[in-house]
Amino acid sequence: VEGMVPKSLLMTAQSGDRVSAYLASEFGGVKMEEKKPGKGLAALKRSVRKITNANRFLGGLNRAVFEKKTESIAQFFPKEYMALTSTARETLQSMLSWESLKRWDFNIFELSEVCNGRPLLFIGWAILCSPHAQNAMDMANISGAKCERPGSITESEPSDCGLPKNAKKEGYNFVESFNVAPSTICEFLRVVESEYNARNPYHNATHAADVLQTTHVLLQCGAKKFVSKSLEEYSLLVAAAVHDIQHPGKNNNYQINARTEVALRYNDTAVLENMHVSRLFSHVLGARRNIDIFNGLTEEQYSSVRACIIRTVIDTDMARHFRNMSKLKGYLAEMDGVVDPKEWKGYQNGIAASKVLQFVLHLADISNPAKPAPV
């Protein structure tokens, strides 16, 4: 048997090397003579077992830490995201980046195809949950999306919320400002999206997603100069998402002339717009507290949000278009020569500035003719 064992191994074993002696004995069948037979090898075996167990423990610990980080990151994006193919996720990561969301030529139809017909959920999540949505997509991409490469996520040390401490910070930060969880926003958006009739050729969830993204663009292009607090941005963006829920496909003139139930209920005044807002607060939010994205607000903040949503959605009524245009021209005349909107008296008293913001949603609602094809 000894002839089959490498001479170099035998020599080092005979010289007293305990590792070589163990290998020669365990795998070569060579009995090594020791002053205290068996004790050296037994101790070595115990050491090897301890090292093996320690490695197994560390491996399990690394996997547990990785899974914990992955779970923490997962709370920042909708479950539908992980159901997409890796190619679709990569495309979404690009399309829903902060820079891409600010593009006037953003293609909402392409987004709808990539996300399997859930454009309002994904565009709403990317905007209302920014910057956490963008950071989560970046981290999911780093980690191999479906935990296929454990440990790679440690390239950035996680913060308490599960996202890297050096993550991008550009975004609205509504999650922290208004104490609303991304999961609550996503569930709210799912319900809102289901409130749109998919068979409606125009006033559907894709249109709502387009208006939401366009409202965001207008805010970033200058309208946010008229914002005195982030709560106004939050209200305006939520209003954009819900502004056409339950649209029947026939306009206000039809409702009034046909004397429909909804026209009689709202006395022929902004018929559908009143219905949209009422539907939001009575059905979507009414009995479903798990999707109440305003639950973290104070009573005063909630009243402000509700008033803003009511005003902005009702002002999307085309019957108010020319009257509001006339008011807006008056505001622009007052601002002639004013460099900073905050120096404008209309901003300082808060009334005229809110009217400008109200017009932003209406502008987004009818913006399609000003966009390049195919949008």
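Preceding this paragraph is the structure being described.
Calculation rules
Residues numbered from 1 in each chain as written. Predicted model: local features only at pLDDT ≥ 70, side-chain atom pairs only at ≥ 80, totals over all residues. Heavy atoms only, no water. Core = buried A, V, L, I, M, F, W, Y, C linked by side-chain atoms within 4.5 Å. Buried < 20%, exposed > 50% of the residue type's maximum accessible area, 1.4 Å probe, protein only. Helix = DSSP H or I, 4+ residues; strand = E, 2+ residues; numbered from the N terminus. Contact = heavy atoms within 4.5 Å. Expected span 1.5 Å × (residues − 1). Polar contact = N/O pair within 3.5 Å; in protein donor to acceptor, adjacent residues only side chain to side chain. Patch = residues over 30% accessible without salt bridge, like charges linked within 9 Å, V, L, I, M, F, W, Y side chains within 5 Å. Areas by Shrake-Rupley, 256 points an atom, 1.4 Å probe, with all protein chains shown as cover. Salt bridge = Lys/Arg side-chain N within 4 Å of Asp/Glu carboxyl O. Lys, Arg positive; Asp, Glu negative; His and termini not counted. Charge placed at Lys NZ, Arg CZ, Asp CG, Glu CD. Phe/Tyr/Trp six-rings, centres within 6.5 Å; stacked < 30°, edge-to-face > 60°. Lys NZ or Arg CZ within 6 Å of the ring centre and 35° of its normal.

1. Some remarks on the nonpolar core
- In this structure, Leu96, Leu120, Ile123, Trp125, Phe188, Tyr234 and Phe294 are the most contacted members of the largest nonpolar core, which totals 80 residues.
- Ranked by residue count, the leading element in this core is helix H13 (residues 230–242), at nine residues.
- Not counting chain neighbours up to four residues away, the residues in contact with Tyr234 comprise Leu128, Phe174, Phe178, Val180, Ile293 and Phe294.
- Membership of the second largest hydrophobic core comes to six residues, among which are Ala263, Tyr266, Val271 and Met275.

2. Some words on helix H17 (residues 299–314)
- The first and last C-alpha atoms of H17 sit 23 Å apart over 16 residues, in line with the 22 Å expected at 1.5 Å per residue.
- The complete set of buried residues in H17 reads Val305, Cys308, Ile309, Thr312, Val313 and Ile314.

3. Quick notes on the side chain of Asn368
- In this fold, Asn368 is placed in the segment after helix H20 (351–365).
- Assessed through its relative accessible area of 18%, Asn368 is described here as buried.
- Engagement of the side chain of Asn368 in a polar contact is seen with the side chain of Asp210, the distance being 3.2 Å.

4. What about a positive patch on the surface?
- A cluster of basic residues, Arg311, Arg323, Lys327 and Lys355, forms a positive patch at the surface.
- Its place among the elements puts Lys327 in helix H18 (residues 321–334).
- Note on Lys327: relative accessible area 37%, which makes it partly exposed.

5. Quick notes on the packing of aromatic side chains
- Within the structure shown, the criterion is met by ten aromatic pairs.
- With centroids separated by 4.9 Å and ring planes inclined at 10°, the aromatic side chains of Tyr172 and Phe174 adopt a geometry described as stacked. There is no split in this pair, since Tyr172 and Phe174 are both buried.
- Arranged with centres 4.9 Å apart and planes meeting at 20°, the rings of Phe178 and Tyr234 form a pair that is stacked. Remark: Tyr234 occurs in helix H13 and Phe178 occurs in the loop between helix H10 (174–177) and helix H11 (182–194); sequence separation between them is 56 residues.
- Aromatic rings pair up to connect Trp98, Tyr172, Phe174, Phe178, Tyr234, Phe281, Phe294 and Tyr302 into one cluster.
- Taking the ring centre of Tyr254 as reference, the NZ or CZ of Lys250 above it sits at 5.6 Å.
- Here the guanidinium or amino end of Arg306 rests over the ring plane of Phe281, the centre of that ring lying 4.7 Å away.

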